[in-house]
Amino acid sequence: MEDIELKALWQAYDQKLERSLALNLHLVKELQTQKVRSALRSLTWYKVLLIVLGLLWTGILGWLMYRLSGPQLISFTISAGMVVLFNLVGIVSYIRHLVLIHRIDNSDSVLATQKHLAELQASTLRVMRILYLQMPFYTTFLYTPAMFVHGGLWFWLSTVPVTLAFTAASIWLYRNIRLENSHKKWFRRMFDGPEWRPVTRAIAFLEEIDAFEREDAIKK
Amino acid sequence: MDFEQATADRFLSVIAEYKGIIYKVASFYCRQAEDRKDLVQEIIYQLWRSFPQYNEQYKLSTWMYKVALNVSISFYRKDKRRQEHSSVLTDSILDLVPDNGPPETEQHLQLLQQLINELPPLERALMILYLEEKSYREIAEILGLTETNTATKISRVKDKLKQKFRNY
């Protein structure tokens, strides 16, 4: 099929639409006065849900820190404090994302808007890798100063190695959960659930946009 | 007539004039009639939201393509399995009433739609704009590419499309 035939076919399509496309003006008027569920609403609600859960968990930990204090519980206070700190980082990041979602301008160029949107979806991963750093602090909640003095072999051979393993795992995850690793098997297995599908799709789409842009950069 | 009413009326006339753009873009990103109804609604709603900020220095069709393509690509990227019908309206805003054109043209049109639908979303946008006979400059502006790159890409996607046609 030649160029001219393609365009002739398109013109036939245009004529067909011209003849038979009916616009319901009454419904457009109705739409102008209604609050419609936006395509971005699911992304917004997901971030709002994470903020609410983060605030709840931070509140519970804050309350426990206030109620359970004393020299014997110093490890709990420090651990819970660190977990609260990481959660606050997550909450602030998600609030920032909500502001950015609100600022998305569909009348901007297609590549700019789509890149912005896909980055926002993929950014859930960036927050997640920071949140993984709080993992070891969950293992130190019940440590007491007495354990270090009188804990004996059991403490040093079972409890401490668990904390060290969690520390190593959290640092490894922090360093390796990156978009560049999204093709690796462990990454795909880890983020395989339906809740991660929008994020992994966003990553794939970012790559598609980048390929478009890379070609563009070469030509410039 | 107050300003708001004048804006609303102007918007209605713009939609009536450019309804073909909305339908075409929606139909190339969404083949299911029920989902397309949602997509058309979302495009018109986003156009309405963006209308007060429309910069008259650009063509209306450029603005309309940007919004329609952005909304359609975002809609297309949503996980179909989790996608809910979000219509607040029970009927379709845009309806294609049955039209019996020449059977051969109808057949070719369906094939063209199918083949464009098989392209990745960004290439699809490029092809729609090319077939709409937009200038390279306008296509580049809508998509956010340079003109040179737009020309190269169009040539490549066009070849791909022609090849697919030959294979059918």
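Note that the structure is predicted; figures quoted are calculated from it, not measured.

## Comments concerning the interface of chain A and chain B
Residue-level contacts link 57 residues of chain A with 74 residues of chain B. The junction of chain A with chain B conceals about 6400 Å² of combined surface from both sides, 62% of it contributed by carbon and sulfur atoms. Counting across the chain A and chain B interface gives two salt bridges. The closest approach of N and O atoms between Lys7 of chain A and Glu133 of chain B, which form a salt bridge, is 3.7 Å. Across the contact surface, chain A and chain B share 12 residue pairs in polar contact (both at pLDDT 80 or more). Contributions of two or more residues to the side of chain A that touches chain B are made by α1 (3-20), β1 (21-23), α2 (25-32), α5 (110-131) and α10 (197-219) of chain A. No other element matches α1 of chain A, which puts 13 residues into the side of chain A that touches chain B. When the residues that make up the side of chain A that touches chain B are grouped by side-chain class, the tally is 26 nonpolar, 12 polar and 19 charged.

## A closer look at the nonpolar core
Counting 85 residues, the largest nonpolar core has Ile15, Ile22, Tyr29, Ile44, Leu47 and Trp63 of chain B as the members making the most contacts within it. Residue-level mapping places this core at the junction of two domains, with at least three residues from each of domain 1 (1-79) and domain 2 (102-168) of chain B. Those residues within four positions of Ile15 of chain B in sequence are excluded, and the remaining contacts are Leu23 and Val28 of chain A together with Ile22, Ile44, Leu47 and Met64 of chain B. Counting residues in hydrophobic clusters, the runner-up holds six residues, among them Leu61, Val83, Val84 and Phe141 of chain A.

## Structural notes on the UniProt feature "transmembrane region" (unreviewed entry) in chain A
In the numbering used here, UniProt assigns the "transmembrane region" (unreviewed entry) feature to residues 45-66, 72-95, 130-148 and 154-174 of chain A. Helix makes up 58% of residues 130-148 of chain A and strand 0%, with an end-to-end C-alpha separation of 29 Å.

## A short note on the UniProt feature "domain: RNA polymerase sigma factor 70 region 4 type" (unreviewed entry) in chain B
As recorded in UniProt, the sites labelled "domain: RNA polymerase sigma factor 70 region 4 type" (unreviewed entry) are residues 110-161 of chain B. The distance from the first to the last C-alpha atom of residues 110-161 of chain B is 14 Å, and the span holds 81% helix and 0% strand.

## Regarding α2 of chain A
Among the residues making up α2 of chain A, those that are buried are Leu27, Val28, Leu31 and Gln32 of chain A. All buried residues of α2 of chain A project into a common sector of 145° when viewed along the axis, lining one side. Next to the buried residues of α2 of chain A lie β1 of chain A together with α1 (3-17) and α3 (33-50) of chain B.

## Notes on helix α6 (residues 121-131) of chain B
Residues and elements named next belong to chain B. Counting buried positions along α6 yields 11 of 11 residues, so the element is predominantly enclosed. Regarding α6, the residues found buried are Pro121, Leu122, Glu123, Arg124, Ala125, Leu126, Met127, Ile128, Leu129, Tyr130 and Leu131. With its phi angle positive at about 60°, Glu133 sits one or two positions after the end of α6.

## With respect to the domain arrangement of chain B
Interface size is commonly expressed as the accessible area that is lost once the parts come together. Residues and elements named next belong to chain B. In terms of domain boundaries, chain B breaks down into domain 1 (1-79) and domain 2 (102-168). Taking only C-alpha atoms into account, the centre of domain 1 sits 21 Å from that of domain 2. Across the boundary between the two partners, domain 1 contributes 15 residues, which contact 15 residues of domain 2. In this assembly, domain 1 packs against domain 2 so that about 1600 Å² is buried in total across both faces, 59% of it on carbon and sulfur atoms. Its largest share of buried area at the contact with domain 2, domain 1 owes to Phe28, Arg31 and Tyr65, together 42% of the area lost on that side. Taken together, the connections running from domain 1 to domain 2 amount to 10 residue pairs in polar contact (both at pLDDT 80 or more). Elements supplying a minimum of two residues to the side of domain 1 that touches domain 2: α2 (19-29) and α4 (60-77).

## Some details on the packing of aromatic side chains
Scanning all chains against the criterion turns up 21 aromatic pairs over all chains. Summarising the aromatic geometry, the rings of Tyr138 of chain A and Phe141 of chain A are spaced 5.6 Å apart at their centres and angled 40° between planes, so their arrangement reads as tilted. Look at Tyr138 of chain A and you get partly exposed, because its relative accessible area is 36%. For the cation-ring pair, Arg129 of chain A lies above Tyr174 of chain A, with the distance from its terminal atom to the ring centre recorded as 4.4 Å. Sitting over the ring of Tyr58 of chain B, Lys66 of chain B keeps its end group 5.3 Å from the ring centre.

Analysis parameters
Residues numbered from 1 in each chain as written. Chains lettered and ligands numbered in written order. Predicted model: local features only at pLDDT ≥ 70, side-chain atom pairs only at ≥ 80, totals over all residues. Heavy atoms only, no water. Contact = heavy atoms within 4.5 Å. Buried area = accessible area lost by both parts, 1.4 Å probe. Salt bridge = Lys/Arg side-chain N within 4 Å of Asp/Glu carboxyl O. Polar contact = N/O pair within 3.5 Å; in protein donor to acceptor, adjacent residues only side chain to side chain. Helix = DSSP H or I, 4+ residues; strand = E, 2+ residues; numbered from the N terminus. Nonpolar A, V, L, I, M, F, W, Y, C, P; charged D, E, K, R; others polar. Core = buried A, V, L, I, M, F, W, Y, C linked by side-chain atoms within 4.5 Å. Buried < 20%, exposed > 50% of the residue type's maximum accessible area, 1.4 Å probe, protein only. Domains from an automatic or database assignment. UniProt positions renumbered as here; feature names shortened; annotations may be inferred. Arc of directions from axis to C-beta. Phe/Tyr/Trp six-rings, centres within 6.5 Å; stacked < 30°, edge-to-face > 60°. Lys NZ or Arg CZ within 6 Å of the ring centre and 35° of its normal.

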